[in-house]
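# Chain and residue survey
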Amino acid sequence: MSASISRCGAMGAGRYAPSPSSALHLGNLRTAVVAWLVARTTDRRFLLRIDDLDRDRSRTEVAHQQIADLTDLGLDFDPPLVWQSERDDAYSDALGQLDTYECFCSRREIADAVRAPHLPVDAYPGTCAELTEPERVVRRAERPAALRVRAAGDTMTVTDRWTGEVTGNVDDFVVRRNDGTFAYNLAVVVDDACAGVDQVIRGADLLGSAPRQAWLAEQLSHPIPSYGHVPLVTGVDGRRLAKRDGAVTLADLASAGEDTAAVLGRIAVSLDLATPGEPVTLDHLRARFDPSVAPRPWVVEG
Ligand code: GLU
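Residues numbered from 1 in each chain as written. Predicted model: local features only at pLDDT ≥ 70, side-chain atom pairs only at ≥ 80, totals over all residues. Heavy atoms only, no water.

## Regarding the confidence of the model for the protein
Low-pLDDT stretches of the model should not have their predicted coordinates read in fine detail. This is how the line gets drawn: Per-residue confidence from the predictor is reported as pLDDT, which spans 0 to 100. In what follows, a contact means two residues having at least one pair of non-hydrogen atoms within 4.5 Å.
Of all residues in the protein, 93% have pLDDT values of 70 or greater, and the mean over the chain is 92. Confidence over residues 1–7 falls short of pLDDT 50; this stretch has nine contacts with residues more than four positions distant or in other chains.

Dropping the structure here:
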């Protein structure tokens, strides 16, 4: 066990980690229920972390509403509740253990360079990787630098409990933005390791981040957690569920006459754990849930 792990928590936990930019919708709530069920049926603690790193988009009142909604659904969490906005010291400490370099590229410059045919579409082309110190001095006067980790085009394979092996290119991704904010990929890896999270269940939109995060965990001598990515809930148009689909949050649904117990029932049906209209509790669902069975995609009709 590495020194940084022993400073942090005991092993064996799952977690749910919402970003408090807008209210949780049915898709988020369903992912939270699945994360809770997988953790609780595999004898793990279950933690809640508020991913409020992005100060412009995060709202404390939204975070409190998210916590209230999850609790209303019946989910329970083990302490501590973690707020990413309070963890800069831990991220800074991790950053000091990585081989990083300053990057002065604008999004535009990266997009143009990435059009080079030999590079994967979203990979950083390495423009600033070999700048000399005098070149950096000049660039620093033009704009603040982001920090990128030097990955030198590694690849990493992770295993998702439902979709199997996923291999991704690991480019020199950003670990601290040029406004000083620590990047999502760094924070998630540091927080999960610190809290003893060894099971990451989350939305399928983050499957593509898993190889980079696993690679980073390895660089920081943290164990790599197991992964499970839950298919996103879509509206009838096939697009990811959003406000335009009508009543999608607990508050919207309550005003339309659907109480939280009914919403839990609907989520249970979508997971093939209940029949339509059947009253259920999370305890029922826990008894019926098999963590090896992949949750199916769910189309919500507005
Ligand atoms: N906070 C991220 C989100 O809401 C999830 C992070 C994670 O589960 O790794 O999309």
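Next comes the rest of the account.
## Describing the nonpolar core
Side chains of nonpolar character tend, in soluble globular proteins, to be buried together. We apply this condition: As used here, the term nonpolar core means buried Ala, Val, Leu, Ile, Met, Phe, Trp, Tyr and Cys residues forming a set that is joined through side-chain atoms within 4.5 Å. To sort residues, take the accessible area from a 1.4 Å probe on protein chains only and compare it with the maximum for the residue type: under 20% means buried, over 50% means exposed, and anything in between is partly exposed. Put simply, DSSP marks the helices as runs of H or I at least four residues long and the strands as runs of E at least two long, and each gets a number from the N terminus on.
Core analysis: the biggest nonpolar cluster contains 42 residues, and Val33, Val34, Leu37, Leu70 and Leu285 have the highest contact counts within it. Elements represented by at least two residues in this core include exactly α2 (26–40), β2 (45–50), α3 (60–73), α9 (250–255), α10 (260–270), α11 (282–288) and β12 (298–300). Among the elements that make up this core, the one with the highest residue count is α2 (ten residues). Those residues in contact with Val33, other than ones at most four positions away along the chain, are Leu73, Leu75, Leu264, Ile267, Leu271 and Leu282. The next biggest cluster of nonpolar side chains, apart from the first, holds 30 residues, and it includes Leu95, Ala151, Phe173 and Leu216.

## A few points about unusual backbone geometry
Following Pro79, the chain continues into Pro80 via a peptide bond in cis, with omega recorded as 0 degrees. Along the chain, Pro80 turns up in the loop between α3 and β3 (82–83). The phi torsion at Ala152 lies on the positive side, around 50 degrees, for a residue other than glycine. Mapped onto the secondary structure, Ala152 falls in the loop between β5 (146–149) and β6 (154–160). Judged by its relative accessible area of 71%, Ala152 is exposed. Residues other than glycine seldom take positive phi values, yet Asp272 does so here, at roughly 60 degrees. Secondary-structure assignment places Asp272 in the loop between α10 and α11.

## A short note on the site of the ligand
Just so we agree on the cut-off: Whether a residue is near a molecule or strand depends on its heavy atoms: it is near if one of them lies within 4 Å of it. Pairing of N or O atoms within 3.5 Å defines a polar contact, subject to two protein rules: one partner must be a possible hydrogen donor and the other a possible acceptor, and residues neighboring in sequence count only if both atoms are side-chain atoms. Values of accessible area rely on a 1.4 Å probe in the Shrake-Rupley scheme; residue burial ignores everything except the protein chains shown.
What surrounds the ligand is the set Arg15, Ala17, Pro18, Ser19, Asp51, Tyr184, Val188, Arg202 and Leu206. Asp51 is positioned with one of its side-chain polar atoms (N or O) 2.7 Å from a nitrogen atom of the ligand. Within the side chain of Arg202, an N or O atom sits 2.8 Å from an oxygen atom of the ligand. In the complex, the protein chains occlude 80% of the 300 Å² of accessible area that the ligand would expose alone.

## So, the sheet that holds strand β4 (residues 100–103)
The cut-off we apply is this: DSSP calls a pair of strands paired once it identifies at least 2 bridges connecting them. Interaxial angles span 0 to 180 degrees and are taken between N-to-C directions of axes, which are lines fitted to C-alpha atoms, for helices over the stretch in contact.
Within the open sheet, the three strands sit side by side as β4-β5-β8. Their pairing is antiparallel. At either margin of the open sheet sits one strand with a lone partner, and together these are β4 and β8 (174–176). Ignoring strand direction, the axes of neighbouring strands in this sheet form an average angle of 45 degrees. Judged from the two bridges that link them, β5 and β8 form a sheet pairing that is antiparallel. Each residue of the ladder has a partner; that of Leu147, found in β8, is Arg176.

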